[in-house]
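Descriptive structure summary
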Amino acid sequence: MTHARQPSIQVVAHRGASEDAPEHTLAAYKKAIEDGADALECDVRLTADGHLVCVHDRRVNRTSNGRGAVSALELADLATLDFGSWRETMENTGSEESPDWKDRSLTSVLTLERLLELVADTDRRIELAIETKHPTRWAGQVEERLLHMLARFGLDGPAPDESPVRIMSFSARSLHRIADAAPQLPTVYLMQFVSPRLRDGRLPAGARIAGPGIRIVRNQPGYVERLHRAGHRVHVWTVNEPEDVELCASLGVEAIITNRPKQVLSQLGRL
Ligand code: G3P
Ligand code: CA
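These notes cover the structure that comes with them. (Residues numbered from 1 in each chain as written. Chains lettered and ligands numbered in written order. Predicted model: local features only at pLDDT ≥ 70, side-chain atom pairs only at ≥ 80, totals over all residues.)

1. Details of the overall build of the protein
In terms of helices and strands, the protein carries 10 helices and 9 strands. Whereas a compact globule of 271 residues would reach a radius of gyration of roughly 18 Å, the protein reaches 18 Å, a difference of no more than 12%. Long-range contacts, defined here as pairs at least 24 residues apart, represent 59% of the contacts in the protein between residues at least 6 apart. (Helix = DSSP H or I, 4+ residues; strand = E, 2+ residues; numbered from the N terminus. Rg over C-alpha atoms; globule rule 2.2 N^0.38 Å. Contact = placed C-beta atoms within 7 Å.)

Here it is, written out as structure tokens:
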């Protein structure tokens, strides 16, 4: 069975509009929504006291003024940190006006709960692609708390084709846990390379959508067709260069995950 192609490619803001604002902050997600992104990508990790926060790295060192592993810090510790100023020291924005992300209320640690509130308060449909980061360490707790949080927002129930939320992971085990506990939630298997047993387009049990990195698509464009033939939608990350956007569009992928949602929407003729 081949998957029916969508009329347009979904544009997903990777870590928010993370080229223009510090990744995984409210500032980055608000900017992505303003820019017209169809969906938001975020990574989730558990704090020492069991809160899900949107942070990519194991440690907060790169993206905040603090130090240490997210898993060793409590939410109250993370709340004292500034997740915006690392960008100020990296770049001159070229504008006389301060960008929104210099507003500290938009650059403190972002909980998944706050991100879900932002999406719920937006007056158009915004989808969410939530990635479980290193979930094996927590033996199911990340998935359990994630499903609990989605249920609180009424996001665990819709039929798979209508769900505004999908769960992504490099861990097949994590997706398996999600598929077992919430079979109605779409799952995306992220790949940095294609393992030999998956070359024919199959995905591990529990995974429904394929999430190959752009390098796979550049080097093995025929793989996208094999995934489609096997009945899987294809969501490619992280697609920032115009020639890669063009390649993905020509291959009929269903979603592009990008740090530059505005530029990609413009290239696709949607702005
Ligand atoms: O959207 C998938 C992509 O985010 C996976 O890589 O390292 O950016 O989380 P990473
Ligand atoms: Ca991610």
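2. So, the pairing of strand 5 (residues 165-169)
Of all 5 residues that make up strand 5, 5 are buried, and the element is covered over most of its length. Side-chain alternation along strand 5 places Val165, Ile167 and Ser169 on one buried face and Arg166 and Met168 on a second face that is also buried. Where strand 4 (residues 127-132) and strand 5 come together, 4 bridges link them in parallel fashion. Looking across to strand 5, one finds that Ile130 is bridged to Ile167. (Buried ≥ 20, exposed ≤ 12 C-beta atoms within 10 Å, placed from the backbone. Pairing = 2+ DSSP bridges.)

3. Focus: the environment of Glu74
Inspection of the secondary structure puts Glu74 in the loop between strand 3 (52-54) and helix 2 (75-78). Measuring from C-alpha to C-alpha, the distance between Glu74 and Ile130 comes to 21 Å, with 56 residues separating the pair along the chain. Setting aside chain neighbours within four positions, we find Glu74 in contact with Thr47, Ala48 and Asp49.

4. With respect to the nonpolar core
Val12, Leu40, Val44, Val53, Ile130, Val236 and Ile256 are the most contacted members of the largest nonpolar core, which totals 70 residues. Setting aside anything within four residues of it in sequence, one finds Leu40 in contact with Val12, Ala13, Gly16, Tyr29, Ala32, Ile126 and Leu128. (Core = buried A, V, L, I, M, F, W, Y, C linked by C-beta atoms within 7 Å.)

5. Remarks on the environment of Gly201
Relative to the helices and strands, Gly201 is located in the loop between strand 6 (187-191) and strand 7 (209-212). Classification of Gly201 by C-beta neighbours within 10 Å gives partly exposed; the count is 19. When the C-alpha positions of Gly201 and Glu117 are compared, they lie 36 Å apart, and in sequence the two are 84 residues distant. Excluding residues that lie within four positions of it along the chain, Gly201 makes contacts with Arg226, Leu227, Arg229, Ala230 and His232.

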